[in-house]
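Each chain, written out:
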Amino acid sequence: MNTDSFALRHIGPRPEKIAEMLETIGVDSLDQLIFETIPDDIKLKKDLDLNEALSEHEYLEHITKLAAKNKMFKSYIGLGYHQSITPPVVQRNVLENPGWYTAYTPYQAEIAQGRLEALLNFQTMVADLTGMELANASLLDEATAAAEAMTLLFALRDRAQKKKKVVKFFVSEEILPQTLSLLETRANPLEIELVVGNHEEFDFSEDFFGAILQYPGTSGKIYNYAPFISKAKDAGIKIAVAADILSLVKLQAPGDLGVDVVVGTTQRFGIPLGYGGPHAAYFATREEYKRNIPGRIIGVTKDVDGNVALRMALQTREQHIKRDKATSNICTAQVLLAVMASMYGVYHGPKGLEYIANKVHRSTAELADALEQLGYYQENELYFDTIRVKADPIKIKEIAEASEINFYYPEDDTVSISLNEATSLTDLNNIIAVFAHVAGKTSFKITSLEKDVIEKQNLARETEFMTNEVFNKYHSETELMRYIKKLERKDLSLNHSMISLGSCTMKLNAAAEMLPLSYPQWGNIHPFVPIEQAQGYQEVLKKLEDQLTEITGFHATSLQPNSGAQGEFAGLMAIRAYHESRNDHHRNICLIPSSAHGTNPASAVMAGMKVVVTKANDSGSIDVDDLREKALKHKDNLSAVMITYPSTHGVFESAIKEITQIVHDNGGQVYMDGANMNAQVGLTNPGNIGADVCHLNLHKTFAIPHGGGGPGVGPICVAKQLEPFLPGNPIIKTGGEHAINAISAAPWGSSLVCLISYAYITMLGPKGLKSSTEHAILNANYIKQRLSGHYETLYSGERGRAAHEMIIDCRPFKERGIEVVDIAKRLIDYGFHAPTVSFPVAGTMMIEPTESESKEELDRFCEALISIREEINTVEKDEPNNVLKNAPHTLAMLTANEWEFPYSREKAAYPLAYVSDNKFWPTVRRVDDAYGDRNLMCTCAPMEEYM
């Protein structure tokens, strides 16, 4: 065995088992299976042009050398990003723990109670600090959250405002520059008119539906917004505030001022800078807007025994229900980062946060006083952590960078300094020394932190926050470690068993890919440092772009979109910009197959396009005749088609080249959804089938872990004609010659986790990548064959093969009273997370095993489903007291004195022999979603208040 081969460790089936799998499938070789799966005319004629694979040891040496090229200066740049201190207990037990980072989105609530509790803590912390009634379980970044706030307020216009076509939205000139750029990106397609100005000079006319303020402002100045908010309310204008969450420990909560939405980032709560992300943004609002809130909300409900249980509330993936009527395409939270931020809050508690906020503020106040003693003028009278000093930026920058210090230089005569949790007395005195040197004066030292310019102001916070027990009992490392472990044990993750979710690839997230995320040389780099200080990052990101460009067969790549849905939107916005550059402003029709992901139509509408749905034929493929008819009908206005390939039904459609040609012939561009790219890598690619742009889910195909529902990364790869329109950034130049505005806040999106995909590609190399794809197809077809005769597979390719996933039909079991959800819950008793339920076809399951799973694990999964099928045969429709309807079975049920079920305890808990070897116990019985939606509770409270 070649112990240097990463592919051998990543790919699950052992070489000696593959022959048995091929025999079961009924083919002589893996090559024959691939021939029967992928249409010959789209196969690549040569191997990928990538460097040969590195071993894990070689890769870790390589990435360590690159890390050394990042210069770890002390950065006081601010602009929404600040160095924070990740408590080691959180780093070790959450960030570095596969029990947390390999979990899936908590759609199966019964086996996700741990991360649901952590997210409920997050929502409670945010609601308390902002003074709002309701918070979601995180968004992608502050700029995205601000854009979502704008669109929420736009959707909430009253009938009179809509009739008058009130479309103006006021943006304070104190807004963060990257937030303004993203607001511009999102406003334009929706025909929202942004008006940027000084809030103190705003006229409050009836032309405005909303406004957004920054608190404190980008300059660092703290304004009393109460008069502005009062006047806006009188004028029927709704208000959003982008607030620094750490400052809210000391400042009056925006909710107490009467605002409608509060957004921001929790990066300051123990999350590494990571050259821009990933970080968990927050979004808080009024309860009356609960039906409009974007993203995911965690709510409290009860299980069938009446016990408290948690689940995702209010159908929060609204785009799957509303589709082109959805107001947001957000389907990813930043769960792993939100969990870390919530644990930071739990560990420090309100008293710890007060200490940290006071330290940051008093350090700033002492620094301001010291610089004034040196003869400098400091602009801000009232501030939290940011001061603006009148000085010569050129002279200051030269001395500061020689001392390994970064400031922000917003104007020709101004230096902005933002302090943070990690700023020590030594750091303060080093800053003072820089300014003393430039002033030609003798430096002096600060020895204590006493000065506070907020505490006696009427803007100082007077209300309590985070009074719940959870924030006041786990302050020793021992206690927090045990609390984190307690929650982890409630969740089923990849470190327990296979998670075979169709369209949401859950493959191995190798330790060698994950380890560098903890290196400070990667974690502590501010996204707006000068490029030359981040040469390690620049090399990795450029190389990853090149790797993805080669893999997809395109011309260029942007890593900026920080989720798959944002990648969709970015790709469509690039297409929109391309058409506009050719004076084809009228091209706004987007064709979308009926089987598409729900984010597709939502993204198209956000990009200002009108959705026209095309039919699927009986085999589940795109109805080419219907698509041709609609392309011809709309040829003068056709903008794009959105295609998932292989299809959402798990089939390589043989007509794909014909489809792309039809669209091109009628003036449109082809957007390919990259959700299923893991069935293409090394065998075919989007460029080869005639697409013009695709987004890639790096958290699927390229091994970034799901983290319980995020982080995701969704870069776009484009053909040559779309390269000029790749997204830019207002501070650091990125993107094409005619770059569209920002898609995410940071120049390269979630840079830190891009290291994972870089590692994955670099250690697999061209042969390993191709082999991974082949084995993903092998594993899927093996399951398909093993289940044959027990479950019907809905769709297959022309030669009867699945791609990397398949849909099994569970609708016939209704005649026995069994729904697909009953099978999903019963799988928990067998130790498995359910496949994707009722998507894209109601009453079915979509199964995707990934290449990382061994034959033994595939067999266990198949045996579980076959056993469940046999159980279905024993139940009757008029007798719902059966092992499927009562699933999942908890330890409390099995150990109770009373047992009133018509089957044995052993049958309930240990249906197959292998289960007893590694039993996973759900901590609640089946949850009652309807009860939770009727009685919405989305923050922590004493348990008696829930019921």
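The rules behind these values
Residue positions within a chain follow its written sequence, with the count starting from 1. Reporting of local features is limited, given that this is a predicted model, to residues whose pLDDT is at least 70; pairs of side-chain atoms are given and counted only at 80 or more, and all residues count toward the totals for whole chains, interfaces and linings. Hydrogen atoms and water are omitted, and side-chain values are computed over all heavy atoms in the structure. When a carboxyl oxygen of Asp or Glu is within 4 Å of a side-chain nitrogen of Lys or Arg, the pair counts as a salt bridge. Helix numbering and strand numbering both begin at the N terminus, where a helix is a DSSP run of H or I of at least 4 residues and a strand a DSSP run of E of at least 2. In this scheme, a residue with accessible area under 20% of its type's maximum is buried, one over 50% is exposed, and one in between is partly exposed, where area comes from a 1.4 Å probe on protein chains only. Each axis is a line fitted through C-alpha atoms, and for a helix only the stretch in contact is used; angles between axes span 0 to 180 degrees, taken between their N-to-C directions. These descriptions rest on fixed angle ranges, namely under 35 degrees for roughly parallel, over 145 for roughly antiparallel, 65 to 115 for roughly perpendicular, and the rest for oblique. Handedness of a crossing follows from how the near helix is turned relative to the far one, being left-handed for an anticlockwise turn of less than a right angle and right-handed for a clockwise one. The contact definition used throughout considers only heavy atoms, calling two residues in contact when any of these lie within 4.5 Å. The nonpolar class holds Ala, Val, Leu, Ile, Met, Phe, Trp, Tyr, Cys and Pro. Asp, Glu, Lys and Arg form the charged class, and all remaining residues, Gly among them, are polar. Pairs of N or O atoms within 3.5 Å make up the polar contacts considered here, provided that, within protein, one atom can donate a hydrogen while the other can accept it, and that residues adjacent in sequence are counted only when both atoms are side-chain atoms. Strands are labelled as partners when DSSP assigns at least two bridges between them. Think of it like this: strands point away, you trace from the first strand over the helix to the second, and a clockwise trace means the crossover is right-handed. Pairing of aromatic side chains requires ring centres within 6.5 Å, counting the rings of Phe and Tyr and the six-membered ring of Trp. Pairs whose planes differ by under 30 degrees are stacked, by over 60 edge-to-face, and all others tilted. The criterion for a disulfide is a pair of cysteine sulfur atoms lying within 2.5 Å.

A. Examining the pattern of salt bridges more closely. Throughout the structure, instances matching the rule amount to 47 salt bridges. One salt bridge connects glutamate 876 with arginine 816, and the closest N-O pair in it is separated by 3.6 Å. Highlighted residues: glutamate 876 in the loop between helix H27 (855-872) and helix H28 (891-895) and arginine 816 in the loop between strand S24 (806-809) and helix H26 (820-829), separated in sequence by 60 residues. In this structure glutamate 876 comes out as partly exposed when scored by relative accessible area, which is 47%. Among the charged side chains, a salt-bridge network with shared partners connects Glu379, Arg388, Lys390, Glu411 and Asp413.

B. Looking closely at the packing of helix H4 (residues 56-67) against helix H25 (residues 751-787). Contact pair H4 / H25: the axes reach a minimum separation of 10 Å and the direction vectors enclose 135 degrees. Relative to H25, the element H4 is oriented oblique. Remark: the crossing between H4 and H25 carries right-handed chirality. Contact with H4, carried on its side by Glu56, Tyr59, His62, Ile63 and Leu66, involves Leu755, Tyr758, Ala759, Thr762 and Met763 of H25 and no other residues of that element. Considered class by class, the residues forming the contact of H4 with H25 number seven nonpolar, two polar and one charged.

C. Looking closely at the side chain of threonine 660. Mapped onto the fold, threonine 660 is located in helix H23 (residues 656-665). Of the residues examined, threonine 660 reaches a relative accessible area of 4% and is grouped as buried. In terms of polar contacts, threonine 660 uses its side chain to reach the backbone carbonyl oxygen of lysine 657, at 3.0 Å. With residues near it in sequence (within four places) discarded, threonine 660 still touches Val670, Ile689, Gly690 and Ala691.

D. Quick look at the sheet that holds strand S8 (residues 281-285). Strand order in this open sheet of seven strands is S2-S8-S7-S6-S5-S3-S4, and the pairing throughout is mixed. Strand pairing shows two members of the sheet lacking a second neighbour, strand S2 (134-135) and strand S4 (193-197), which therefore form its edges. The strands touched by helix H7 (residues 113-130) are S2, strand S7 (261-265) and S8; relative to S8, the strand with the most contacts, the crossing angle is about 60 degrees.

E. Inspection of the pairing of strand S6 (residues 238-243) at higher detail. With six of six residues buried, S6 lies mostly within the body of the structure. Across the two faces of S6 the burial is the same, with Lys238, Ala240 and Ala242 and Ile239, Val241 and Ala243 all buried. Examined bridge by bridge, strand S5 (residues 208-215) and S6 share six bridges and lie parallel to one another. Of the residues in S6, the one forming a bridge with glutamine 214 is alanine 242. Handedness of the crossover joining S5 and S6 through helix H11 (residues 226-234) is recorded here as right-handed.

F. Structural view of the sheet that holds strand S14 (residues 408-411). Spatial strand order, S11-S12-S15-S14: four strands in an open sheet with antiparallel pairing. Of all the strands in the sheet, just strand S11 (377-378) and S14 have a single pairing partner and so form its edges. The sheet contact formed by S11 and strand S12 (residues 386-390) spans two bridges and is antiparallel. The residue bridging glutamine 378 from the neighbouring strand is valine 389, located in S12. In the packing of helix H14 (residues 393-402) onto the sheet, contacts are made with S14 and strand S15 (414-418), and the angle to S14 comes to roughly 175 degrees.

G. Broad picture of the packing of aromatic side chains. By the definition in use, this model includes 31 aromatic pairs. On the basis of an interplanar angle of 10 degrees and a centroid distance of 5.7 Å, the ring pair of tyrosine 275 and tryptophan 748 is categorised as stacked. Remark: tryptophan 748 occurs in the loop between strand S22 (716-718) and H25 and tyrosine 275 occurs in the loop between S7 and S8; sequence separation between them is 473 residues. For the residue pair tyrosine 275 and tryptophan 748, the accessibility class agrees, reading buried in each case. Here tryptophan 522 and tyrosine 537 contribute two aromatic rings whose centre-to-centre distance is 4.9 Å and whose plane-to-plane angle is 85 degrees, an arrangement assigned as edge-to-face.

H. Quick look at the side chain of serine 416. Along the polypeptide, serine 416 turns up in strand S15. Take serine 416: its relative accessible area is 2%, and that puts it in the buried class. If we ignore the near neighbours within four places in the chain, the residues touching serine 416 are Tyr76, Thr386, Ile387, Arg388, Phe407, Tyr408 and Pro410.

I. Broad picture of the environment of lysine 507. Topologically, lysine 507 is positioned in the loop between helix H16 (477-488) and helix H17 (511-514). Counting along the chain gives 295 residues from lysine 507 to isoleucine 212, while the straight-line C-alpha distance between them is 41 Å. Not counting the four nearest positions on each side in its chain, lysine 507 is found in contact with His10, Leu494, Asn678, Lys700, Thr701, Ala703, Tyr760, Thr850, Glu851 and Ser852. Among the polar contacts listed, one links the side chain of lysine 507 to the side chain of tyrosine 760, at a separation of 2.9 Å.

J. Main features of the state of the cysteines. Per the counting criterion, the structure on display carries zero disulfides. Its sulfur unpaired, cysteine 694 is 4.8 Å from the next cysteine sulfur, which belongs to cysteine 717. We classify cysteine 717 as buried; its relative accessible area is 0%.

K. Highlighting the environment of aspartate 128. Examined against the element boundaries, aspartate 128 turns out to sit in helix H7. Classification of aspartate 128 as partly exposed rests on a relative accessible area of 22%. Apart from the residues lying within four places of it in its own chain, the contact partners of aspartate 128 are Arg461, Phe465, Met466, Thr467 and Asn468.

L. Inspection of unusual backbone geometry at higher detail. The peptide bond linking phenylalanine 839 to proline 840 adopts the cis configuration, its omega dihedral lying at 5 degrees. Note that the residue after alanine 887, namely proline 888, is joined by a cis bond; omega there is 0 degrees. Among the structural elements, proline 888 can be located in the loop between H27 and H28. Backbone geometry places leucine 79, a non-glycine residue, at a positive phi of 55 degrees. Here leucine 79 is to be found in the loop between strand S1 (74-75) and helix H5 (88-95). Positive phi values are uncommon outside glycine, yet phenylalanine 204 reaches one of about 55 degrees.

M. How the structure looks around the environment of proline 15. Here proline 15 lies in helix H2 (residues 15-25). What makes proline 15 exposed here is its relative accessible area of 52%. Taking C-alpha positions, proline 15 is 47 Å from lysine 302, a pair spaced 287 residues apart along the chain.

N. Inspection of the packing of helix H19 (residues 535-552) against H25 at higher detail. For the pair H19 and H25, interaxial distance at closest approach is 9 Å and the crossing angle is 50 degrees. By the criterion of interaxial angle, the relationship of H19 to H25 is oblique. Judged by the twist between their axes, the crossing of H19 over H25 is left-handed. Between H19, through Tyr537, Val540, Leu541, Lys543, Leu544, Gln547, Leu548 and Ile551, and H25, the contact on the second element is made entirely by Ser751, Leu752, Cys754, Leu755, Ser757, Tyr758, Ile761, Thr762 and Leu769.

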